[in-house]
Amino acid sequence: MAMDPQQKKVALRAINYGLYVLTAADGDDVGAAGVNWLTQASFEPPLVVAAVKDDSGTAAIINRTGAFAVNVLGEDQLDIGKAFFRSTTVEGDRVNGYRFEPGPDTGAPLLVDLPYWFEVRVTDTVAKGDHTIFVGEVVNAGVRDDSVTPMLLRSTGMNYGG
Ligand SMILES: Cc1cc2nc3c(=O)[nH]c(=O)nc-3n(C[C@H](O)[C@H](O)[C@H](O)COP(=O)(O)O)c2cc1C
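Below: a short report on this structure. (Residues numbered from 1 in each chain as written. Predicted model: local features only at pLDDT ≥ 70, side-chain atom pairs only at ≥ 80, totals over all residues. Heavy atoms only, no water.)

1. Quick look at the site of the ligand
Taken together, 18 residues form the shell around the ligand, and within it Gly-34, Asn-36, Ala-51, Lys-53 and Phe-84 come nearest. Contact distances for the ligand include 2.8 Å between a nitrogen atom and a side-chain N or O atom of Asn-36. Here an oxygen atom of the ligand sits 2.7 Å away from a polar atom, N or O, in the main chain of Lys-53. In the complex, the protein chains occlude 86% of the 630 Å² of accessible area that the ligand would expose alone. More than half of the atoms belonging to the ligand lie within 2 Å of the grid points that define the largest pocket. Breaking the shell around the ligand down by element, the ones donating at least two residues are β2 (29-35), β4 (47-53) and α2 (57-65). Here the residues of the shell around the ligand are counted per class, giving nine nonpolar, seven polar and two charged. (Near = heavy atom within 4 Å. Polar contact = N/O pair within 3.5 Å; in protein donor to acceptor, adjacent residues only side chain to side chain. Areas by Shrake-Rupley, 256 points an atom, 1.4 Å probe, with all protein chains shown as cover. 1 Å grid on protein atoms, 1.4 Å probe; cavity = no way out; pocket = protein on both sides within 12 Å on 5 of 7 lines; lining within 4 Å. Sits in = over half its atoms within 2 Å of the grid points. Helix = DSSP H or I, 4+ residues; strand = E, 2+ residues; numbered from the N terminus. Nonpolar A, V, L, I, M, F, W, Y, C, P; charged D, E, K, R; others polar.)

Printed below as a string of C-alpha cells:
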C-alpha cells in the first residue's frame, strides 16, 4: 500500500523530543545548533545518537574533529534555544550571544546558562539521508542545576520532523 504523506508526517511528529544546543569546535571554528533529533542508545558504553544537517557548519566540524557537546535547555530557556536556530557567530567568550567555556575533553562549547551538559566522542557515522547520524560515546558530563526541568519540543509549539 502506498504511504500517505500526511499520515507519515503526523505519525512521525508524534515522536516526543527534547531540545538541545549541540556544539562543536575546531580551534576558532565553532558550530552551535538547536537540535531535537537526539537520544541515548546504550548504557555500557554510554552511547548517544544525534542527527545533524549534512550541509551545516556544525556537521562539517564534527566530521573533522570527531567530537561534539550537548547542552540541555531548561523548560524556561526557549529564548536561548531560538538563538541557535541560525548560523553561528562567536564574539569573545559568547556564542550567538551566550557565554560558553570550552568542554574539558573536546573543546566543544559548554553554555554556562544551561543546566546539564555532556561531551561526546564519535564512534560511528551514518551518512545516508539529509542529516548525518553521529553515534558517539559520552566521555564527560556535568550538572549545573539539577532543579531544572529539561525543555520538551512539543511545549514550544515548534516542529522539526515529519
Ligand atoms: C525546532 C527545531 C529543531 C531543529 N532540530 C535540528 C536537528 O535535530 N538537527 C539539525 O541538524 N538541525 C536542527 N534544526 C536546525 C538547526 O537549528 C539550524 O540549521 C542550525 O542552527 C543552523 O546552523 P548551521 O550554520 O550549522 O547550519 C532545528 C531547527 C528547529 C527550528
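That was the structure; now back to the text.
2. Regarding the sheet that holds strand β3 (residues 38-42)
Read from one edge to the other, the open sheet built from seven strands follows the order β2-β1-β5-β10-β11-β4-β3, with strand pairing classed as antiparallel. Unpaired on one side and paired on the other, β2 and β3 mark the two borders of the sheet. Within this sheet the neighbouring strands show an average axis-to-axis angle of 35 degrees, counted without direction. Packed on one face of the sheet, α2 meets β1 (20-26), β2, β4, β5 (67-72), β10 (116-127) and β11 (131-143) and runs near 55 degrees to β1. (Pairing = 2+ DSSP bridges. Axes fitted to C-alpha atoms, helices over the stretch in contact; angles between N-to-C directions. Contact = heavy atoms within 4.5 Å.)

3. Quick notes on the pattern of salt bridges
Across all of its chains, the model carries four salt bridges by this definition. The partner of Lys-53 in a salt bridge is Asp-55, and the shortest N-O contact between them spans 3.7 Å. Residue classification places Lys-53 among the partly exposed residues on the basis of a relative accessible area of 40%. Glu-101 is the partner of Arg-144 in a salt bridge, and the nearest nitrogen-oxygen pair spans 3.4 Å. With Arg-144 in the segment after β11 and Glu-101 in strand β8 (residues 98-102), this pair connects stretches of sequence that are 43 residues apart. Residue class for Arg-144 comes out partly exposed when judged on its relative accessible area of 33%. By relative accessible area, which is 34% here, Glu-101 ends up partly exposed. A cluster of three or more residues bridged by salt bridges with shared partners is formed by Asp-26, Asp-29 and Arg-64. (Salt bridge = Lys/Arg side-chain N within 4 Å of Asp/Glu carboxyl O. Buried < 20%, exposed > 50% of the residue type's maximum accessible area, 1.4 Å probe, protein only.)

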